[in-house]
Amino acid sequence: SGYTIAIVGATGAVGTKMIEMLGSSSLPINKIKLLASKRSAGKKLYFNDVELTIEETTADSFDGVDIALFSAGGDISKEFAPEAVKRGAIVIDNTSAYRMDPTVPLVVPEVNADAMKNHNGIIANPNCSTIQMMVALQPIRKKYGLKRIIVSTYQAVSGAGAAALEEMKEQAQHMLNDEPYDAKILPSGGDKKHFPIAFNILPQIDVFAEGGYTYEEWKMINETKKIMSDDHIKVSATCVRVPVVSGHSESVYIEVADESATVAGIQDVLRIAPGVELQDDPATQLYPTPLTAVGKKETFVGRIRQDVDEKLGFHMWVVSDNLVKGAAWNSIQIAESLHSLDLVKEK
Ligand code: A2P
Ligand code: 11C
């Protein structure tokens, strides 16, 4: 007995992390189906020590599937998630395809697990940079109220997928050898111009949209309001790509409502908050970095300090592994919550 779980995008940066993390999940698992494009069909990957063959994703791939984890891009989710739901699967979608659909819960289990109870077959996993910010801010919001967020991100290249990571490594190698190099993917595969990321930073993630903000920035703004179910929180974001392999970092400025808020009070809240690890001690240079967060499920918070001018304004530094809590682990946590809330049935 146990669930039949499909991973769509099994060969990708997030998909491979999902396979690895399902291996140590508490979910009862009967069978894993690895799905990708036609290009990968027939290739092999391991789940724990068992060799599995990758299959091409088709509508019929979802026959007999209980839970389908999608991470193959928004277009694939739009095409196949409804097919999976039609065949009785619950879809946990790691793309932006359904996140702002009012009938689809957008879930960070530490923050709004209850939203899952109203699902119609699809549950959306938020954007990685949104997730870690929610894990850090929700406990502060519960205690002190939250009026405003201004965030600047320092996002790792693995967020843009396996091919972008390969591109950065090649550019770095060529630069070290004083050889010519080019750029084909970043800042966004969907945009016209491309710039090198190795030894550089790019103030563009995804393509530009309304008001001079990029889609990544709009995702952080809109998803925050939906997850916190509060349209009144003021949110603004600047999203930046840095030449880091994995681990998104964020400089987060917040304004809280409660006059009693202090740095020590915020530290006390975060010390016991679910999914958070406080690493905040300037005296011993304790603060998180992407390298120390890689491979971990927690969201790390440090550098908490009061704004110089604004009594109820606080700054902090928030780091998490974008492929783990930002993607694979949050999706698996959603699946584990569906199981523990009795919201999913074995066929
Ligand atoms: P494939 O390796 O066969 O192209 P990443 O997020 O690292 O860029 O990975 C994207 C994932 O999406 C890969 O697993 C990729 O599989 C998968 N993918 C791309 N196109 C399709 C498609 N048409 N059908 C199913 N999966 C796809
Ligand atoms: C990045 N946050 O780091 C993006 C990746 O909406 O799921 C995830 C995009 C998304 O490039």
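Use the structure listed above.
Bear in mind that the values here come from a model prediction, so they are computed numbers and not experimental data. All residue numbers refer to position in the chain's written sequence, counted from 1. Chain labels run from A onward and ligand labels from 1 onward, assigned in the order the entries are written. The predicted nature of this model means local features are confined to residues of pLDDT at least 70 and side-chain atom pairs, given and counted, to a pLDDT of 80 or more, with totals for whole chains, interfaces and linings taken over all residues. Based on all heavy atoms of the structure, the side-chain values leave hydrogens and waters out of the count.

Some thoughts on the pairing of strand E2 (residues 29–36)
Item 1. Of the pairings in the sheet, the one linking strand E1 (residues 3–8) to E2 comprises six bridges and is parallel in character. Counted as the bridge partner of Ile 7 is Leu 34 from E2. Strand pairing is assigned whenever DSSP detects at least two bridges linking the two strands. Helix and strand labels come from DSSP, where a helix needs a run of H or I of at least four residues and a strand needs a run of E of at least two; each type is numbered from the N terminus.

Looking at the packing of helix H4 (residues 128–144) against helix H6 (residues 215–227)
Item 1. Lines fitted to C-alpha atoms define the axes, with helix axes restricted to the stretch in contact, and inter-axis angles between N-to-C directions lie between 0 and 180 degrees. H6 packs onto H4 with a crossing angle of 40 degrees between their chain directions and a minimal axis gap of 9 Å. In terms of orientation, H4 and H6 fall into the oblique class. Here the hand of the crossing between H4 and H6 comes out right-handed. Contacts between H4 and H6 involve Ser 129, Thr 130, Met 133 and Met 134 from the first element and Glu 216, Lys 219, Met 220, Glu 223, Thr 224 and Ile 227 from the second. Roughly parallel refers to an angle under 35 degrees, roughly antiparallel to one over 145, roughly perpendicular to one between 65 and 115, and oblique to any angle outside these ranges. Each crossing gets its hand from how the near helix is turned against the far one by less than a right angle, where anticlockwise is left-handed and clockwise is right-handed. The criterion used for residue contact is that any of the two residues' heavy atoms lie within 4.5 Å.

Observations regarding the site of ligand 2
Item 1. It suffices for a single heavy atom of a residue to lie within 4 Å of a molecule or strand for the residue to be listed as near it. As a matter of local geometry, ligand 2 sits amid 13 residues, with Arg 99, Asn 127, Glu 216, Lys 219 and Arg 241 nearest to it.
Item 2. A distance of 2.7 Å separates an oxygen atom of ligand 2 from a polar side-chain atom of Arg 99.
Item 3. Two N or O atoms count as a polar contact when they lie within 3.5 Å, although within protein this holds only if one can serve as hydrogen donor and the other as acceptor, and sequence-adjacent residues are included solely when both atoms are side-chain atoms. One of the side-chain nitrogen or oxygen atoms of Lys 219 is found 2.6 Å away from an oxygen atom of ligand 2.
Item 4. Areas reported here follow the Shrake-Rupley algorithm with a probe of radius 1.4 Å; residue values treat only the protein chains shown as occluding. In isolation ligand 2 offers 310 Å² of accessible surface; the protein chains occlude 83% of this area.
Item 5. Under the convention adopted here, Pro, Cys and the residues Ala, Val, Leu, Ile, Met, Phe, Trp and Tyr are nonpolar, Asp, Glu, Lys and Arg are charged, and Gly plus all remaining residues are polar. Of the residues assigned to the shell around ligand 2, the class counts are three nonpolar, six polar and four charged.

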